[in-house]
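The chain contents come next:
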There are 2 protein chains.
Amino acid sequence: MNIICLDLEGVLVPEIWISFAEKTGLEELKITTRDEPDYDKLMKYRIGILRRENLSLADIQDVISRIRPLDGAVEFLEALRAMTQVVILSDTFREFASPLMRQLGWPTILCNSLVMDDMGMIESVKMRQNDGKRKAIEGFRSMGLRTFAAGDSYNDISMIRTADAGCLFRAPENILKEQPDLRLARDYDEFLAVIREFVESDI
Amino acid sequence: MNIICLDLEGVLVPEIWISFAEKTGLEELKITTRDEPDYDKLMKYRIGILRRENLSLADIQDVISRIRPLDGAVEFLEALRAMTQVVILSDTFREFASPLMRQLGWPTILCNSLVMDDMGMIESVKMRQNDGKRKAIEGFRSMGLRTFAAGDSYNDISMIRTADAGCLFRAPENILKEQPDLRLARDYDEFLAVIREFVESDI
């Protein structure tokens, strides 16, 4: 039995923080881990801006609910779920992912979560565990599952390398250059074909 | 972050073999593990009947697609997936579950699989692992997830006991008698309330 583990942002939906910055006009929120490598510092900076703008979680979810999955993502995921088992492994927060998961038909997602205050404002973040994507693959392998992993970013490489098989999806040039032996799927048709090949090789 | 692990048959859908026997009129298929404790022997017996009746997997799936989820199960599962993460842990076969999963909106399911011959007839069964429900809970715990498990049968007890919390759902008298300390949910409203209490206790 197989399980396909997919990254979320860049694979099924746009980058959430960047889309959120565009929808709200808060340009300061376009800073990502590429600009600020200290994730803890970056999240404190982001939460500070949200509080300054008096944006509660409900407001943020309202904006996120207007972000749409990538073109073709809904149909791709539907075809994939009819073929095999799928879990989304993401570093985002369940509260942010929720409006997008609704649009994707509530696939199972393992990610992080937010700590809220009594006013519905974000106080801090709660990481599920360190290196959670890789550990999830190890967990699924311990359940007797064949694992396939795919993503587009630096934080996806260890899960792809740990899985029985995997590929990159629409990864940027720098990742492709550094990981020349990983297969690349450029669109959903190709992506589905690579995964089908993996599923059908299960004997 | 939480994950809710649900048994399938008796919890979301009827017992598949019994419903299948009723739909096809093949009374001999009503024998279950209560009558024949040797699972391997029971499956060989069932597969023998399917072959004798010349029922291919496609025929079987066609019959199963006419089995409906239990009354209220679709709405229960939809509400649950909007609240938290859900995975179905079952001892059935993915090929049998598939027409039912479609009706339930493709939740993630971990179960067993069938080995087919070239004619599309079932040849044998392939178990994912021994004691797979319990090991799945252990796997999810290793991913840093809080786990809740629920079911109605003997094969659900070890997963319920291994999880951080759990309950029985519409379990028969003998199970209730043997597991007097386990909570019991009698309908989906009560079931959802017990799970909500668990999810909200996550601090």
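Note: the structure precedes this text.
My aim in this report is to walk through the structure given alongside it, one point at a time. Because the structure is a prediction, the values reported are computed rather than measured. (Residues numbered from 1 in each chain as written. Chains lettered and ligands numbered in written order. Predicted model: local features only at pLDDT ≥ 70, side-chain atom pairs only at ≥ 80, totals over all residues. Heavy atoms only, no water.)

**Details of the overall build of chain A**
In terms of helices and strands, chain A carries 9 helices and 7 strands. In terms of overall size, chain A behaves like a compact globule, its C-alpha atoms giving a radius of gyration of 17 Å where 203 residues would be expected to give roughly 17 Å. Principal-axis analysis of the C-alpha atoms places the extent of chain A at approximately 55 × 35 × 30 Å. For chain A, the residues scored as buried account for 53% of the 203 residues in total. With 26 positive and 35 negative side-chain charges, chain A shows a spacing of 2 Å between the two charge centroids. (Helix = DSSP H or I, 4+ residues; strand = E, 2+ residues; numbered from the N terminus. Rg over C-alpha atoms; globule rule 2.2 N^0.38 Å. Buried < 20%, exposed > 50% of the residue type's maximum accessible area, 1.4 Å probe, protein only. Lys, Arg positive; Asp, Glu negative; His and termini not counted. Charge placed at Lys NZ, Arg CZ, Asp CG, Glu CD.)

**As for the pattern of salt bridges**
Evaluated as defined, the whole model comprises 37 salt bridges over all chains. Where B:Glu28 meets B:Arg52, a salt bridge forms, and the shortest distance between an N and an O atom there is 2.9 Å. Of this pair, B:Glu28 sits in the loop between α1 (16–24) and α2 (39–52) while B:Arg52 sits in helix α2, placing them 24 residues apart in sequence. Through salt bridges with shared partners, one network takes in A:Arg94, A:Glu95, A:Lys126 and B:Asp202. (Salt bridge = Lys/Arg side-chain N within 4 Å of Asp/Glu carboxyl O.)

**Re the state of the cysteines**
Residues and elements named next belong to chain A. Under the defined criterion, the tally for this structure stands at 0 disulfides over all chains. Unpaired in this structure, cysteine 111 has its nearest cysteine sulfur neighbour in cysteine 5, at a distance of 14 Å. Between cysteine 167, a cysteine without a disulfide, and cysteine 5, which holds the nearest cysteine sulfur, the sulfur-to-sulfur distance is 12 Å. Taking relative accessible area as the criterion, cysteine 167 reaches 0% and is therefore assigned buried. (Disulfide = S-S within 2.5 Å.)

**A closer look at the relation of the copies chain A and chain B**
With an RMSD of 0.0 Å, the operation that places chain A on chain B is a rotation of 180° combined with a shift of 0.0 Å along the axis. Given the turn and translation reported, the copies of this chain are related as if by a two-fold rotation axis. For chain A, the residue whose C-alpha comes nearest the rotation axis is A:Gly139, separated from it by 2.3 Å. Same-surface contact between copies: 100% of interface residues of chain A are shared with the interface of chain B. (Least-squares fit on C-alpha atoms with pLDDT ≥ 70 in both. Contact = heavy atoms within 4.5 Å.)

**Some remarks on the interface of chain A and chain B**
The interface is formed by 30 residues belonging to chain A together with 30 residues belonging to chain B. Between chain A and chain B, the buried area comes to about 2,500 Å², and carbon and sulfur atoms account for 54% of it. Contact with chain B buries area across many residues of chain A, yet A:Met1, A:Trp106 and A:Met143 alone supply 28% of it, more than any other trio. Run the count over chain A and chain B and you get 4 salt bridges. (Buried area = accessible area lost by both parts, 1.4 Å probe.)

**What about the packing of α1(B) against helix α3 (residues 57–64) of chain B?**
For any two helices packed against each other, the geometry is given by the interaxial angle and the distance between the axes. Residues and elements named next belong to chain B. α3 packs onto α1 with a crossing angle of 95° between their chain directions and a minimal axis gap of 10 Å. In this view, α1 runs roughly perpendicular relative to α3, as classed from their interaxial angle. Where α1 approaches α3, its residues Ile16, Phe20, Lys23 and Thr24 are matched on the opposing element by Ile60, Val63 and Ile64. (Axes fitted to C-alpha atoms, helices over the stretch in contact; angles between N-to-C directions. Parallel < 35°, antiparallel > 145°, perpendicular 65-115°, else oblique.)

**Here's the deal with the side chain of A:Arg128**
Residue position: A:Arg128 is located in the loop between β4 (122–126) and α6 (132–142). It is A:Asp91 that comes nearest to the buried, bridge-free A:Arg128 among opposite-charge side chains, at 6.5 Å. A polar contact of 2.8 Å, which involves the side chain of A:Arg128, links it to the backbone oxygen of B:Met143. Once residues within four sequence positions are removed from consideration, A:Arg128 is found in contact with A:Leu110, A:Cys111, A:Asn112, A:Ala136, B:Met1, B:Met143, B:Gly144 and B:Leu145. (Polar contact = N/O pair within 3.5 Å; in protein donor to acceptor, adjacent residues only side chain to side chain.)

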